[in-house]
There are 2 protein chains.
Amino acid sequence: MREVTFAVTQMACTWDRAANIANAADLVEKAAAKGANVVVLQELFETPYFCIDTDKAHFAHATPADANPALEALKPLAEKLDVVIAVSFFEKAGDRFFNTLAMIDAGGELLGFYRKSHIPDFPNYEEAFYFDQGDTGFTVFDTKFCRIGGAVCWDQWFPEAARIMTLRGAEVLIYPTAIGRDSNMPGYDSKQHWQQAMQGHAASNMVIVAASNRVGVEQGEGGSIAFYGGSFIANQFGDKVAEAGEDDTEIATATFDLDAVAEMRRRWGMFRTRRTDIYGALTETAPPELMDDRAAP
Amino acid sequence: MREVTFAVTQMACTWDRAANIANAADLVEKAAAKGANVVVLQELFETPYFCIDTDKAHFAHATPADANPALEALKPLAEKLDVVIAVSFFEKAGDRFFNTLAMIDAGGELLGFYRKSHIPDFPNYEEAFYFDQGDTGFTVFDTKFCRIGGAVCWDQWFPEAARIMTLRGAEVLIYPTAIGRDSNMPGYDSKQHWQQAMQGHAASNMVIVAASNRVGVEQGEGGSIAFYGGSFIANQFGDKVAEAGEDDTEIATATFDLDAVAEMRRRWGMFRTRRTDIYGALTETAPPELMDDRAAP
């Protein structure tokens, strides 16, 4: 029996960086008060989601990993509260820039970093303008309470990432996220699709999934995003067992006996009946018919 | 605009092979009357699900691909009704035996065969006793109406299979199935888990998924399976848009504009932002902690 409680969180962000960090710290305090052992904060919470525009001025938000104000504020909190905190930030690494996830262990130690592998680049999500493709590969962090596969937002659409994190020992997959309803796509609502893809990763890998999304409406030059919250936790069958609403600052928690989950995952037999001899095509580039043209309407 | 209507079907089976085939034909007739262009029949419908036991006598049900009574009965029906029919059968190929899917094109032509890749081997699902691992690789059939990725039952748990079929051009993934509530696992109900995994494949690949399951209770020497139906069709977001009940002979249909689905899949950008350079681990065997021991309770 190894019970671990996960918290997903969500909040709106402004251009007051110190206030955003203070709000994130407040969410961590409140999550810990609810019994959370692991707290997932949303993607890039130190600022508004600046990737809505392409503007060189936003590179000023990037910091080296050892000089990030959110990490500096949250490490002592992880020590004080004995919680693991997953922190997404804009990393400057020499001349390169990454959308990075830091994992602070309970106790305050920085366990390491994952750099977002899959970078979206469409209107309102202009991440390729800012971020290099991550060079860490898919990463599992061995925290005090469990082994956490840490990925970021767009990574959540890729079953390859989820599977590799599981093969590397992840018991839970976490996804700090920034996604919403897009003024450029009226009538199209990705929320259920977004959840369904990750619920599928949970079901197909028999791992816990925890995703924290942003709330609030943010305006860019070319349109707006109404971030729809819906931060959720899915069990190893893909069922949503905790979910936040669409609009408010919120915390949702769920508790699992990870030993029981591991035993069920092992016994279900998926991993022993894989056919690795015929999976080679997964490393091949998709055919042109599946590839978008950036210039398409 | 390219509208295609899919039908999933379900029925109970007995040891009267001719009656099972006649019932399957009846389902095809009725599905066509509902406008279906593609009909998916459940797994191994010519007999009860004999893999519930390990009994050499059941090898007598296997037939060569060119002498299977279900295929012989259904080919003329595909011609008469102008429907595609996916037919699961127990194939004898020389000294080898496979759990095979045949795709009959509208018009009655046999397009080819897929041999089930992932073979389960646990109590009540003793398929490794009967079937060799498939040697065809994941297969896409270019039918009159659409490109169909054809897989079988246990394959449905593997995101690798779904992804590879999509990369090979599948617009819909079909899964003839035999799964139910197991007397050896009281209190455990896999139905939602089973659907969730496939809904995830739909969402992560933005393809249609259509699964046909068996109904009825079948008794083996070591236990029983209460096949729970729930045959369903999911759209490219993973939402179930048609679903049958748990107990009865039933047909569920759904219609999609596959051109619109393809355009949405292309524009969503998943395939152009894949990171094939870091997917190599997918072809590696899982670590021991994820592997079951056949002898485990």
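Residues numbered from 1 in each chain as written. Chains lettered and ligands numbered in written order. Predicted model: local features only at pLDDT ≥ 70, side-chain atom pairs only at ≥ 80, totals over all residues. Heavy atoms only, no water.

Q: Whenever I open this one, the environment of Thr139(B) confuses me. Can you help?
A: Residue and element names in this part refer to chain B. Its location among the elements puts threonine 139 in strand β8 (residues 139-142). Through-space distance from the C-alpha of threonine 139 to that of glycine 112 is 9.2 Å; in sequence the pair is 27 residues apart. In this structure, threonine 139 is in contact with Phe113, Tyr114, Ile148, Gly149, Gly150 and Met165, ignoring residues within four places of it in sequence. (Helix = DSSP H or I, 4+ residues; strand = E, 2+ residues; numbered from the N terminus. Contact = heavy atoms within 4.5 Å.)

Q: I would appreciate a short explanation of the interface of chain A and chain B in the present structure.
A: The accessible area lost on association of the parts is a frequent measure of interface size. Listed by partner, the interface residues are 67 residues for chain A and 68 residues for chain B. Here chain A packs against chain B, burying approximately 6400 Å² in sum over the two surfaces, 58% of which is carbon and sulfur. Three residues, Trp268(A), Arg272(A) and Leu290(A), lead the burial of chain A against chain B; their summed loss comes to 12% of the area buried on that side. One can count 8 salt bridges joining chain A with chain B. Residue Arg163(A) is joined to Glu160(B) by a salt bridge in which the shortest nitrogen-to-oxygen separation is 2.7 Å. Applying the counting rule to chain A against chain B returns 26 residue pairs in polar contact (both at pLDDT 80 or more). Those elements giving two or more residues to the side of chain A that touches chain B turn out to be β6 (121-122), α4 (159-167), α5 (191-205) and α6 (258-268) of chain A. Tallying contributions element by element places α5(A) first for the side of chain A that touches chain B, with 9 residues. Split into classes, the residues belonging to the side of chain A that touches chain B amount to 28 nonpolar, 23 polar and 16 charged. (Buried area = accessible area lost by both parts, 1.4 Å probe. Salt bridge = Lys/Arg side-chain N within 4 Å of Asp/Glu carboxyl O. Polar contact = N/O pair within 3.5 Å; in protein donor to acceptor, adjacent residues only side chain to side chain. Nonpolar A, V, L, I, M, F, W, Y, C, P; charged D, E, K, R; others polar.)

Q: Teacher, can you tell me more about the sheet that holds strand β9 (residues 147-150) of chain A here?
A: In sheet architecture, strand pairing relies on hydrogen bonds along the backbone and comes in two forms, parallel and antiparallel. Residue and element names in this part refer to chain A. Pairing is mixed in the open sheet, where 6 strands are placed in the order β8-β9-β10-β12-β15-β16. Strands at the two margins of the open sheet, each flanked by one partner only, are β8 (139-142) and β16 (240-243). Sheet twist, expressed as the mean angle between neighbouring strand axes with direction ignored, is 20°. This element, α4, spans β8, β9 and β10 (172-176) of the sheet and lies at about 135° to β10. (Pairing = 2+ DSSP bridges. Axes fitted to C-alpha atoms, helices over the stretch in contact; angles between N-to-C directions.)

Q: For this particular structure, what's the right way to read empty space enclosed by the protein?
A: Per the stated rule, a full pass over the model turns up 4 cavities of 30 Å³ or more. Here the largest cavity is characterised by a volume of approximately 60 Å³. The set of elements that each furnish at least two residues to the lining of the largest cavity consists of α5 of chain A together with α5 (191-205) of chain B. Residues belonging to the lining of the largest cavity are distributed by class as follows: 2 nonpolar, 8 polar and no charged. (1 Å grid on protein atoms, 1.4 Å probe; cavity = no way out; pocket = protein on both sides within 12 Å on 5 of 7 lines; lining within 4 Å. Points joined across faces, edges and corners; volume = space filled by probe spheres on them.)

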